[in-house]
Amino acid sequence: MTRTRRRRLLLVGGLFVGLAAAVALSLSAFSQNLMYFHQPSQIVAGKVPLNTRFRIGGLVKRGSVQRGRGLTVRFSIADCKASVPVLFKGTLPDLFRPGQGVIAYGKLNSKGQFIADSVLAKHDQNYMSPAVAKELKTKQGNSCMPANLQASR
Amino acid sequence: MIPELGHLALVLALCLALVQAILPVYGFVRSRPDYLGVAAPAAVGQFVMLGLSFCSLAYAFYANDFSVAYVAENSNTQLPWFYRIAAVWGAHEGSLLLWMMLLSTWSVAVAFASRSLPRDVSSCVLAVMGSISSGFLIFTLFTSNPFARVFPAPAQGRDLNPLLQDPGMVFHPPMLYMGYVGFCVAFAFAITALITGRVDSAWTRWTRPWTLAAWMFLTTGITLGSWWAYNELGWGGWWFWDPVENASFMPWLVGTALIHSLAVTEKRGIFKSWTVLLAITAFSLCLLGTFLVRSGVLISVHAFVTNPTRGIYILSFFGVVVGSSLVLYAVRAPRFEAGTEPVEVLSREGLLLLNNIFLVVAAAAVLIGTLYPILAAGLGLGRISVGPPYFDKVFVPLTAPLVVLIGAASVMAWKRTRPQTLRSRLWLPLLLAIIVGVLLPWVTLGTWGVAAVAGCVLGSWAIVSALEDVVRRVRGSRLMLPRQIMGQTLAHVGVGVFVIGVSLVSAFGSERDVRMAPGQSVVFAGYNFTFHGVEEQKGPNYTSQTGEFTVAHNGRVISHLHPAKRHYVESDALMTESGIDDGVFRDLYLSLGEPLADKAWSVRIYYRPFVRWIWAGGFLAALGGLLALSDKRYWRRQKVRHSARVRASTQTVDA
């Protein structure tokens, strides 16, 4: 084997190892960081595992927002059929209001409460995330959708 | 009346774009120079028409003409005039108009600057740009006409999205679009190369300045966008791996690879097919970005459209452009002569090859993370999101080696470099980088951490090794350096500054949510924050609850901050305005949460060390691009050619 050939083989081998490392790295990072989206009725039905991080989306149930001492907030996220109590400590986004569509990130505890580590509301109040909008559709139409959103759709 | 003129101008622009796209092709096939010559005047005409159209829309905004639906939805009489003008590109229809306006600006620039090119090349380039432009004009005219009227006209508009009412918004989209669209020039040159079958050093010399210009605008646009997000979103972050951010970042990665690969093709005559493929990919990613943002498949700050027809049109346009150019590539690229010599690992071309591999793989990783949730939703695999941790985990290991490579950039010679040269020139920069990297966090912030030091060493390595080259050259020849070299150095220094900023802000940045009543103080990150209460204020189109805070350090008041909660009256939207005390080594960032009982507020305090370095790095890199662009070699040659041509034509007259 000549010197250039050996060097080229080394180069190709090196590239291959690098590529394999990159693929392995991205696949593992990928599988660890995929987050599923679940809706309140799925959670109430017990279809969602405990202690895994996921997203929940729905409307903030009217009259459910309670402030505790400090920055703790309790509220419920609801879809057409069910609602899930949420516990959050921190600053809520600007567009967080009862009746608004929100998405929360966090885990479910054994008492069936959702412990949120962050809460997002949409930036434009006339706009609703397609994921939330889809689940609010019932067979009759958009019955649970707030009136201002029904108009824009 | 004026909006109708604008609409008419848009229709005429479409006609001219079709002329610009079709006639030169006919001329090319039939070898008819008169048809080839149509391209440049058509491009100028299209530019004039689009300019007219753009000005009509801007006037409609300025004059509060709410009978135009687009104006009524995105403006308001209370809006200050500069935001009314910026509102032209505040939503879907107008930003498309801006896109096309900028595309025709590039076309005109190409038409004027490429007088020294062979007529068939310049006409072919313009024809490709004309066909892209026609695609977008058809899309705008048939699915998103910005001049559509509403009757009866509403008395008041719905106001511009409050998020966009920020000075950054005035400049961020035009810069970003200039970059996006600029890659169309490189794409057009690549297609021309495939058609004519010529990729020589002359071709790369024509293509390089255009690519560099596009890259510079894209860099500026992305940096401005990040800065805007930091100031305006109130989350204290500078990059969120939001799909729309990724949409602009992928073309940037591939464009950066393209700049480097063009250098190899020019100097060594190799990597020809690769360079052409990169040019096609960069522009395809720009189109993909436009598709992602405009089709409503994404949930994001920027995604304002949810209209399936538009999505389907853009997707099929994307398919046609990318598909046909890849087919052309598959047929014609094998004809380019490949280099016969093998590429040495220890040579500048070997180094740039590695650079290209890392950049392209990084772009692919971002692409997967961005598209996978969309594909999964489309295939019914569940609604999934890929979070920032994925991008951080994949992206950092892929880009850190790139920064290591930067250090060797100036030392490595073409063809072959001896290891001894590398060793003898790089040990001092390496030593300096380690010293600076270890000392920097300790001296400026008084803390220390493995990841932070590693990042600082990496960043200083890029800076010091780039400067070593300058020092050596200046000492050696005492001449002014060529601007291209200075540009390269500046861009690499910018990368170093950026890396230092990123590693320190992610290692030591911290935040805290607190409940504060008037008169109360909180100590955070060594600073004492005192809340003095909230006061009601009135802006042009909003009311604001402005907090009064003082920040003290070592018993001395260093800053008064006024974070605010704005309520935009017309759109009934709340916006957080952050209060920022900026500094070279740290930012203190306050944002008001919500009012609690007893006049107390929830307040979020952020400590962001070295965050300014991130944008400083971005702007330095863009400035480096500008400097390289101003290099004489790109301009002198054309003048010589031009005068040569003039001489040639006078000679024929004499004869």
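Residues numbered from 1 in each chain as written. Chains lettered and ligands numbered in written order. Predicted model: local features only at pLDDT ≥ 70, side-chain atom pairs only at ≥ 80, totals over all residues.

What follows concerns the overall build of chain A. Secondary structure summary: chain A contains 4 helices and 7 strands in total. Written out in order from the N terminus, the α and β elements of chain A read α-β-α-β-β-β-β-β-β-α-α. Sequence-distant contacts, at least 24 apart, represent 51% of the contacts inside chain A between residues at least 6 apart. (Helix = DSSP H or I, 4+ residues; strand = E, 2+ residues; numbered from the N terminus. Contact = placed C-beta atoms within 7 Å.)

Looking now at the overall build of chain B. Scanning chain B for helices and strands turns up 19 helices and 11 strands. In terms of C-alpha radius of gyration, chain B reaches 27 Å, essentially the compact-globule figure of 26 Å for 655 residues. With 655 residues in all, chain B has 52% of them scored as buried. Taking contacts inside chain B between residues at least 6 apart in sequence as the whole, the part at least 24 apart equals 75%. (Rg over C-alpha atoms; globule rule 2.2 N^0.38 Å. Buried ≥ 20, exposed ≤ 12 C-beta atoms within 10 Å, placed from the backbone.)

On to the confidence of the model for chain A. Residues and elements named next belong to chain A. Overall, the prediction assigns chain A a mean pLDDT of 75, with 78% of residues at 70 or greater. Ranking the helices and strands of chain A by mean pLDDT puts strand 5 (residues 83-89) first, with 90, and helix 4 (residues 147-152) last, with 37. Counting contacts from residues 138-143, a segment whose pLDDT is below 50, to residues more than four positions away or on other chains yields 7 contacts. Throughout residues 146-153 the model reports pLDDT below 50, and contacts reaching past four residues in sequence, or to other chains, amount to 6 contacts. (pLDDT = per-residue confidence, 0-100.)

Attention now moves to the interface of chain B and chain A. Contact with chain B, which involves 32 residues of that partner, is made by 29 residues of chain A. For the side of chain B that touches chain A, the secondary structure elements donating two or more residues are helix 13 (348-379), strand 1 (384-386), helix 14 (388-409), strand 2 (510-516), strand 8 (573-577), strand 10 (586-595) and strand 11 (601-609) of chain B. Tallying contributions element by element places helix 14 of chain B first for the side of chain B that touches chain A, with 6 residues. When grouped by side-chain class, the residues that make up the side of chain B that touches chain A number 19 nonpolar, 7 polar and 6 charged. Taken together, the 3 bridges between strand 1 (residues 34-38) of chain A and strand 1 of chain B define a ladder with antiparallel strand orientation. Bridge pairing in strand 1 of chain B places A:L34 opposite B:V386. (Nonpolar A, V, L, I, M, F, W, Y, C, P; charged D, E, K, R; others polar. Pairing = 2+ DSSP bridges.)

In this section: the nonpolar core. Core analysis: the biggest nonpolar cluster contains 189 residues, and B:C184, B:A186, B:F187, B:A190, B:A279, B:A282 and B:F283 have the highest contact counts within it. If one sorts the elements of this core by residue count, helix 8 (residues 167-196) of chain B sits on top with 18 residues. Apart from residues no more than four positions distant in its own chain, B:A279 is found in contact with B:A186, B:F187, B:F189, B:A190 and B:L258. Residues A:I56, A:V60, A:A78 and A:F88 belong to the second largest nonpolar core, which totals 21 residues. (Core = buried A, V, L, I, M, F, W, Y, C linked by C-beta atoms within 7 Å.)

Here we take up the domain arrangement of chain B. One frequent convention defines the size of an interface as the accessible area lost when the parts assemble. Its domain assignment divides chain B into domain 1 (1-160), domain 2 (161-417) and domain 3 (510-611). Relative placement of domain 1 of chain B and domain 3 of chain B: their C-alpha centres are 43 Å apart. (Domains from an automatic or database assignment.)

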